[in-house]
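Tertiary structure, described
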Amino acid sequence: MRFSVVETGYDQRQVDYCLDELGIRLSRLAARAEGAAGAAREWDEIRQEAAWLSGLLQRLDLGDAAATRHAGDTVRREAAEILAQARAELDEAREEARRVRERAYAEAVQARRDFEAALDARRRREVRVDEILSQVTADQVPADTPTAAAGVPGSRVGVGGLDTGVEPPPGRR
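Residues numbered from 1 in each chain as written. Predicted model: local features only at pLDDT ≥ 70, side-chain atom pairs only at ≥ 80, totals over all residues. Heavy atoms only, no water.

1. As for the overall build of the chain
Of the regular secondary structure elements, the chain holds 2 helices and 2 strands. Per-residue burial for the chain yields a buried fraction of 16% across its 173 residues. The contacts of the chain with a sequence gap of at least 6 include a subset with a gap of at least 24, amounting to 60%. (Helix = DSSP H or I, 4+ residues; strand = E, 2+ residues; numbered from the N terminus. Buried < 20%, exposed > 50% of the residue type's maximum accessible area, 1.4 Å probe, protein only. Contact = heavy atoms within 4.5 Å.)

Structure representation (structure tokens):
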């Protein structure tokens, strides 16, 4: 984060923009972390449903013992494969959620450090400006000194006043 330095520290618009960008990034990271957590809940539901189906198969009486045993074994095997796959995907989703949380936390910590460093630098500049301004005395420039910014018409040679010896352009008096 780099800010333009102005007389009183950093350009406030740049600092505000930077803070807004940090807020947006943190919101996006929080949304990603929430999405990863949602995927973990979804896999829990799939695992519960697979366990329920497996229990249902065990309770069913299909009549023929051999057919039941063969069909039950096939269904149990398929259910076990589905359950194993669901567990593997759940583990992957949990790992991804952990990585997203860690990355979001690291980025938030870094953003806070950057902001605090920028704020500290701005405070030091503010203290320095205050020191410089405290050394300025009021009698260096008398308060009643006319300036161009005060709107005082020029009356000196070279300023365009009456003693310049040149007539003003037509229409201007």
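2. Overview of the nonpolar core
Counting 5 residues, the largest nonpolar core consists of Ala40, Trp43, Ala86, Leu90 and Ala93. Going through the elements one at a time, helix H1 (12-59) and helix H2 (65-135) are the ones with two or more residues in this core. By residue number, the principal contributor to this core is H2, which donates 3 residues. Setting aside residues up to four positions removed in sequence, Trp43 forms contacts with Ala86, Glu89, Leu90 and Ala93. (Core = buried A, V, L, I, M, F, W, Y, C linked by side-chain atoms within 4.5 Å.)

3. A short note on the confidence of the model for the chain
When pLDDT is averaged across the chain, the result is 76; 69% of the residues are at 70 or more. Within the chain, the element-level pLDDT minimum falls on strand E1 (residues 5-6), averaging 71, and the maximum on H2, averaging 85. (pLDDT = per-residue confidence, 0-100.)

4. Details of the environment of Tyr10
Tracing the backbone shows Tyr10 in strand E2 (residues 9-10). Measuring from C-alpha to C-alpha, the distance between Tyr10 and Arg125 comes to 8.9 Å, with 115 residues separating the pair along the chain.

5. Structural notes on the pattern of salt bridges
Inspection of the entire model under this criterion finds 8 salt bridges. With a shortest N-O distance of 2.6 Å, Glu96 and Arg99 are connected by a salt bridge. Residue Glu96 and its partner Arg99 are located together in helix H2, separated by 3 residues, close to a single helical turn. Relative accessible area serves as the criterion here: at 37%, Arg99 is assigned to the partly exposed category. For the salt bridge of Arg124 with Asp120, the shortest nitrogen-to-oxygen distance reads 3.2 Å. In this pair, Arg124 and Asp120 both sit in helix H2, 4 residues apart, roughly one turn of the helix. Take Asp120: its relative accessible area is 39%, and that puts it in the partly exposed class. Several salt bridges share partner residues, and in doing so they unite Glu95, Glu96, Arg98, Arg99 and Glu102 into one network. (Salt bridge = Lys/Arg side-chain N within 4 Å of Asp/Glu carboxyl O.)

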